[in-house]
Amino acid sequence: MKARRSSGNLGKLMVYAPVILQVVSAMRRQQMAKRGKYTKLRKRDRAFDFVLSQAERRLGGKKTKRRGWF
């Protein structure tokens, strides 16, 4: 008997992850634009923004900002 090899759910997730990430980040930007610049975010919103930014960096969608001269 040969062992069957399937791509599995993780492979499918990695294919669709960049598209999902773009959609979620666009929705989040719309929410933040409606709310206003000086409104304090809730703890849940800050946590969600952190996770979203980490996912964007891991998938290469967003570069880290450099501070200072160099």
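Hey, could you run me through the overall build of the protein in this one?
Tallying secondary structure elements over the protein gives two helices and zero strands in all. Sorting the 70 residues of the protein into buried and exposed places 13% on the buried side. Summing over all exposed atoms, the protein offers an accessible surface of approximately 7300 Å²; the carbon and sulfur share of this is 59%.

Could you clarify how one ought to interpret the pattern of salt bridges in this entry?
Any two side chains of opposite charge can pair, given that their charged atoms come close. In the structure shown here, the tally under the stated rule is three salt bridges. A salt bridge links D49 to R28; its shortest N-O distance comes to 2.6 Å. In this pair, D49 is assigned in helix 2 (residues 43-58) and R28 in helix 1 (residues 8-35), connecting sequence segments 21 residues apart. When sorted by exposure, D49 lands in the same class as R28, which is buried. The partner of D45 in a salt bridge is R35, and the shortest N-O contact between them spans 3.8 Å.

Teacher, can you tell me more about the side chain of S25 here?
Position of S25 among the secondary structure elements: in helix 1. The buried category is assigned to S25, whose relative accessible area is 4%.

How should I be thinking about helix 2 in this particular structure?
Along an α-helix, residues three or four apart share an orientation, since each turn contains 3.6 residues. Here helix 2 is 16 residues long and its end C-alpha atoms lie 23 Å apart, about the 22 Å a rise of 1.5 Å per residue gives. Within helix 2 the residues assigned to the buried category are D45, D49, L52, S53 and E56. Projected down its long axis, helix 2 shows its buried positions confined to an angular sector of 100 degrees, all on one face. Away from the buried face of helix 2 by more than 90 degrees, exposed residues K43, R44, F50, V51 and R58 are located. Where helix 2 ends, the next residue or the one after it, G60, has phi of about 80 degrees, a positive value.

The rules behind the values
Residues numbered from 1 in each chain as written. Predicted model: local features only at pLDDT ≥ 70, side-chain atom pairs only at ≥ 80, totals over all residues. Heavy atoms only, no water. Helix = DSSP H or I, 4+ residues; strand = E, 2+ residues; numbered from the N terminus. Buried < 20%, exposed > 50% of the residue type's maximum accessible area, 1.4 Å probe, protein only. Areas by Shrake-Rupley, 256 points an atom, 1.4 Å probe, with all protein chains shown as cover. Salt bridge = Lys/Arg side-chain N within 4 Å of Asp/Glu carboxyl O. Expected span 1.5 Å × (residues − 1). Arc of directions from axis to C-beta.

Shape is all these values report; function is a separate question.
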